[in-house]
Amino acid sequence: HTIISLWGRDHQKEKQGRQLRRRRLYIVLLVLLFVCIAAKNQSLFTREQVKKGKEPGTFNGGWYSLISKEVNDKRIKLKIDGRKVKAKKASVIMTDEGEFMVPVSFLPDYFSCAARIYDNSRLVMERNTIYAEMKEGESRMTLNGAPVTLKTGLLREDNILYVPLEAVEKALSYTGEWDVEENTLELTFAGSEERSIPYAYDYRDTGRAPRVKNQGSFGTCWAFASVMALESRLLPEEDLSFSEDHMSIRNSFHMKQNDGGEYTMSMAYLLAWQGPVYEKDDVYGDEYSPPGLKPVRHVQEIQIIPSKDYEAIKRAVYLYGGVQSSLYTSMVTGQSDSRYYNKEQGAYCYIGTAKPNHDIVIIGWDDNYPKENFNLDLEGDGAFICANSWGGEFGDEGYFYVSYYDTNIGIHNILYSRVDNTDNYDKIYQSDLCGWVGQLGYGKENAYFANIYTAGEGEELAAVGFYATGQDTEYEVYTVTDVEGSAQFGRRILAASGTLKNAGFYTIDFRKPVELPDGKKFAVIVSINTPGSVHPVAIEYNSPDKNLRVDLSDGEGYISFKGTSWERVEEEQKCNVCLKAYTRKTEDTENEG
């Protein structure tokens, strides 16, 4: 016991010593900067006359402005609970007053905190039993009903909304320490809560529930579920209505609305920038979709949540948006009956061997929803709250409960996790309009794949997009400019790398765009490693099972095992690799325009 106590005191002394050394270094830096500025402009620090009853003057605001500029130019590094945060776009910043500000977009990703903007000015932060609210222009916060005074309020800069670190510390129980030498802000959770999501949550209580529509007699539940999930991803910030008619008609699968469909069709349509379009521009039910409509949003990321991982599904719903999933049902309208459906309670549960045949959207859950509300004798309580596409006459105005014990709920789970405005990129290069149809590989977890495209005028390569066909996929992205064929792939340059937790489609933005020579070919190359996979590369091909007619003339794709010897996939494998490239116009081109 004595040895442990001595070690604890030594450890504490060592920690205090480190903190003291950092303070001393910071003081030295401040003094040096103070001297430099004083030499240039002595008037900044003219001594103030302190009269009785008044506080002494503090440093001039210009002092903090100079400090913050230097700190922000170096880009503040962030560690949360010992892990480095790899922020690609926004970063933590320091204000001219010396306050740290955290991008609101960090809250779901790194703090397990639901963060939504209401009325374009009010931020609501939720984490299990914590409910905090802030408004732009106000230096205060309401935390579980109690007012909390803050040094600064919400900040909007370069169209990015920032929350003060002080609010994060007080609301979410974090402590912060700034390492001046490393320009690193380290945050450590100091709370006692073991759970970050509540035991019950319902979009209808938070203004995040998508409006319920009616698919009528057409087999378009897949399109309705996709659109509802997409709309919920944008709520409550944007209350938009997208067109199911356009999604089910203006895709690349050449199917009629009564032929049915599945989520992979929705993914392909959205990721190809074929949509979404507004409902008002293409109204559902007339079997006609006007040509020439342009997408009003660009979907850049769609995650596939692991099968039957209920905690992951809840987390996705809580932090991001509705999750599209599937059921088996013999019902076809809101007026149908089924022995698996308790109409009085709006509660559904099927247990059996039938495969899913209907798509819905999970918008909440209740871990304590009584098992007695279902028609079957179930093992326990608990249900997901779902939105259906059979109009308001079904369930509770279109919403209903599905038991955790349902055979099919939670097997297929789609989250539209990144939805951008249409000015994110200027052009998309692609050859896989039908998206992820199958997979290709060499019987191993790893492979290389590539596409060659021809650049237009005045473009820079800003990002690439591809599918991770399984969890924990590691990737490296390379580029080659002024390329004629795979023989030049050996001079590829690394542009990005990382790991993707879930399967799905991801857009990888480059920290530094790659300038593309006008009219010349360029290549994007991806090295991928997907644990447990034998065919890790997503491809598009003519699948007899899906009655697809894929165009193989629009791509120049390659695949390789080690990245040295390449084969042309259109010729050897009769497929296209799913690998997109996104470009922006260069500044010179924009100025000319």
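What you see is a predicted model, and the numbers here were worked out from it, not measured in a lab.

A few points about the overall build of the protein
Next up, step 1: Helix and strand counts for the protein stand at ten helices and 35 strands.
Next up, step 2: Here the protein holds 593 residues, and the buried ones make up 52% of them.
Next up, step 3: Restricting the contact set of the protein to residue pairs at least 6 apart, pairs at least 24 apart contribute 71%.
Next up, step 4: For the protein, the exposed surface amounts to about 28,900 Å²; the carbon and sulfur share of it is 47%.

As for empty space enclosed by the protein
Next up, step 1: Across all of its chains, the model carries one cavity of 30 Å³ or more by this definition.
Next up, step 2: The computed volume of the largest cavity comes to approximately 40 Å³.
Next up, step 3: Considering the residues around the largest cavity, the lining is formed by Leu327, Thr329, Met331, Tyr348, His358, Asn388, Trp390, Phe394 and Phe400.

Considerations on the packing of aromatic side chains
Next up, step 1: Scanning the model with the defined rule gives 34 aromatic pairs in all.
Next up, step 2: Geometrically, the ring pair formed by Tyr201 and Tyr203 is edge-to-face, given 6.2 Å between the ring centres and 85° between the ring planes. The pair formed by Tyr201 and Tyr203 is uniform in burial state, with each residue classed as buried.
Next up, step 3: Taking 4.9 Å as the distance between ring centres and 80° as the angle between the ring planes, the aromatic pair formed by Tyr340 and Tyr350 counts as edge-to-face. With a gap of ten residues between them, Tyr340 in the loop between strand S16 (323–327) and strand S17 (341–342) and Tyr350 in the loop between strand S18 (347–348) and strand S19 (358–366) connect regions that are remote in the sequence. With respect to class, Tyr340 is no different from Tyr350; both count as buried.
Next up, step 4: The cationic tip of Arg127 hangs over the ring face of Phe189; the distance from NZ or CZ to the ring centre is 5.0 Å.
Next up, step 5: Lying across the ring of Tyr199, Arg195 places its NZ or CZ 4.1 Å from the centre.

Details of the sheet that holds strand S24 (residues 438–440)
Next up, step 1: Pairing is antiparallel in the open sheet, where three strands are placed in the order S24-S31-S34. Each edge of the open sheet carries a strand with a single partner, namely S24 and strand S34 (575–577). On average, each strand axis in the sheet is inclined to that of its neighbour by 45°, with strand direction left out of account.
Next up, step 2: Here S24 pairs with strand S31 (residues 537–541) via three bridges, running antiparallel. Bridge pairing links Gln439 to Ala538 in S31.

Comments concerning the pairing of strand S7 (residues 130–135)
Next up, step 1: The alternating pattern of S7 places Ile130, Ala132 and Met134 on a buried face, while none of Tyr131, Glu133 and Lys135, on the opposite face, is buried.
Next up, step 2: The pairing of strand S6 (residues 122–127) with S7 spans six bridges and is antiparallel. Bridging from a neighbouring strand, Val124 pairs with Glu133 of S7.
Next up, step 3: Where S6 folds back on S7, the antiparallel hairpin that results is connected by two residues, among which Asn128 adopts a positive phi of roughly 55°.
Next up, step 4: The hairpin turn running from S7 into strand S8 (residues 140–143), its antiparallel successor, is four residues long, and Gly137 in that turn takes a positive phi close to 90°.

Looking at unusual backbone geometry
When glycine is set aside, most residues are seen to have a negative phi, and most peptide bonds are trans.
Next up, step 1: Note that the residue after Leu235, namely Pro236, is joined by a cis bond; omega there is -5°.
Next up, step 2: With respect to the secondary-structure elements, Pro236 resides in the loop between helix H5 (221–234) and helix H6 (244–249).
Next up, step 3: At the junction of Gly275 and Pro276, the peptide bond is cis and its omega measures out at 10° in the coordinates.
Next up, step 4: The phi torsion at Arg75 lies on the positive side, around 70°, for a residue other than glycine.
Next up, step 5: Along the polypeptide, Arg75 turns up in the loop between helix H2 (61–73) and strand S1 (77–80).
Next up, step 6: Within the chain, Asn144 stands out as a residue other than glycine whose phi angle is a positive 50°.
Next up, step 7: Positionally, Asn144 belongs in the loop between S8 and strand S9 (146–149).

Regarding the pattern of salt bridges
Next up, step 1: The final tally for this structure, using the stated rule, is 25 salt bridges.
Next up, step 2: Connected through shared salt-bridge partners, Arg195, Glu311, Lys314 and Asp367 make up one network.

Quick notes on the nonpolar core
Next up, step 1: Ile362, Phe384 and Ile409 are the most contacted members of the largest nonpolar core, which totals 85 residues.
Next up, step 2: Ranked by the residues each element gives to this core, the list is headed by H5, at eight residues.
Next up, step 3: Among the nonpolar cores identified, the runner-up in size contains 40 residues, and Met125, Ala132, Val148 and Leu165 belong to it.

Section: a negative patch on the surface
Next up, step 1: Negative charge collects at one region of the surface, where Asp96, Glu97, Glu157 and Asp158 lie side by side.
Next up, step 2: When you line up the elements, Asp158 lands in the loop between strand S10 (155–157) and strand S11 (160–164).

Let's talk about the side chain of Asn413
Next up, step 1: Of note, Asn413 is situated in the loop between strand S21 (399–403) and strand S22 (414–420).
Next up, step 2: Of the polar contacts made by the side chain of Asn413, one reaches the backbone oxygen of Pro306; its length is 3.4 Å.
Next up, step 3: Within the structure, the side chain of Asn413 is placed 3.3 Å from the side chain of Ser325, a separation counted as a polar contact.
Next up, step 4: Every residue in contact with Asn413, bar those within four places of it in the chain, is listed here: Gln303, Ile304, Ile305, Pro306, Ser307, Lys308, Ile313, Val323, Gln324 and Ser325.

Things to note about helix H4 (residues 165–172)
Next up, step 1: Of all the eight residues making up H4, six are buried; the element is thus mostly covered by neighbouring parts of the structure.
Next up, step 2: For H4, the set of buried residues is Leu165, Glu166, Ala167, Val168, Ala171 and Leu172.
Next up, step 3: Where H4 ends, the next residue or the one after it, Ser173, has phi of about 65°, a positive value.

Considering the sheet that holds S11
Next up, step 1: The antiparallel open sheet is built from four strands, whose spatial order is S3-S4-S11-S10. Each edge of the open sheet carries a strand with a single partner, namely strand S3 (93–94) and S10.
Next up, step 2: Where S3 lies against strand S4 (residues 100–103), two bridges are found, and the strand directions are antiparallel. Bridge pairing in S4 links Met94 to Phe100.

Considerations on H5
Next up, step 1: Helix length check: H5 (14 residues) gives 20 Å between terminal C-alpha atoms against 20 Å at 1.5 Å per residue, within 8%.
Next up, step 2: By the criterion of burial, H5 is predominantly enclosed, with 14 of the 14 residues buried.

Considerations on the confidence of the model for the protein
Next up, step 1: A residue-level look at the protein finds 88% of positions with pLDDT of 70 or above and a mean pLDDT of 89.
Next up, step 2: Below pLDDT 50 for its whole length, residues 1–11 participates in zero contacts with residues either more than four positions away or in separate chains.
Next up, step 3: In this model, residues 35–59 is a region of pLDDT below 50 whose contacts with residues beyond four sequence positions or in other chains number 13 contacts.

The rules behind the values
- Numbers given for residues are sequential positions, taken from 1 along each chain in its written order.
- Thresholds applied to this predicted model are a pLDDT of at least 70 for local features of residues and 80 or more for the giving and counting of side-chain atom pairs; totals over whole chains, interfaces and linings are not thresholded and use all residues.
- Side-chain numbers come from the whole structure's heavy atoms, not from hydrogens or water.
- Put simply, DSSP H or I for four residues or longer makes a helix, DSSP E for two residues or longer makes a strand, and each gets a number counted from the N terminus.
- Three labels apply to residues, based on accessible area from a 1.4 Å probe with only protein chains included: buried if under 20% of the type maximum, exposed if over 50%, partly exposed otherwise in between.
- In this analysis, two residues are considered to be in contact whenever any of their non-hydrogen atoms come within 4.5 Å of each other.
- Here the Shrake-Rupley method, with its probe set to 1.4 Å, supplies the accessible areas, and only the displayed protein chains count as covering residues.
- Think of a 1 Å grid over just the protein atoms. A cavity is a set of points where a 1.4 Å probe fits yet cannot get out, a pocket is an open set with protein on both sides within 12 Å along at least five of seven lines, and lining residues have an atom within 4 Å of a point.
- Grid points are joined across faces, edges and corners, and a volume is the space filled by probe spheres set on the points.
- Any Phe, Tyr or Trp ring, taking Trp's six-membered ring, that has another such ring centre within 6.5 Å forms a pair; planes under 30 degrees apart are called stacked, those over 60 apart edge-to-face, and the others tilted.
- Remark: a charge is flagged as sitting over a ring if the NZ atom of Lys or the CZ atom of Arg is within 6 Å of the ring centre and within 35 degrees of the ring normal.
- Pairing between strands requires that DSSP locate at least two bridges from one strand to the other.
- Axes, fitted as lines to C-alpha atoms, cover a helix only where it is in contact. Angles between the N-to-C directions of the axes lie from 0 to 180 degrees.
- Here, a salt bridge means any side-chain nitrogen of Lys or Arg that lies within 4 Å of a carboxyl oxygen of Asp or Glu.
- In plain words, nonpolar cores are sets of buried Ala, Val, Leu, Ile, Met, Phe, Trp, Tyr and Cys residues tied together by side-chain atoms within 4.5 Å.
- Any residue with relative accessible area above 30% and no salt bridge may belong to a patch, with like charges joined within 9 Å and the nonpolar Val, Leu, Ile, Met, Phe, Trp and Tyr side chains within 5 Å.
- Working convention for charge: Lys and Arg count positive, Asp and Glu count negative, and His plus the chain ends are omitted.
- The location of each charge is read from NZ of Lys, CZ of Arg, CG of Asp or CD of Glu.
- For this analysis, a polar contact is any N or O atom pair within 3.5 Å, provided that within protein one partner can donate a hydrogen and the other can accept it, and provided that sequence-adjacent residues contribute only side-chain to side-chain pairs.
- The span one expects for a helix is its residue count, reduced by one, times 1.5 Å.
- The quantity known as pLDDT measures the predictor's confidence residue by residue, on a range of 0 to 100.

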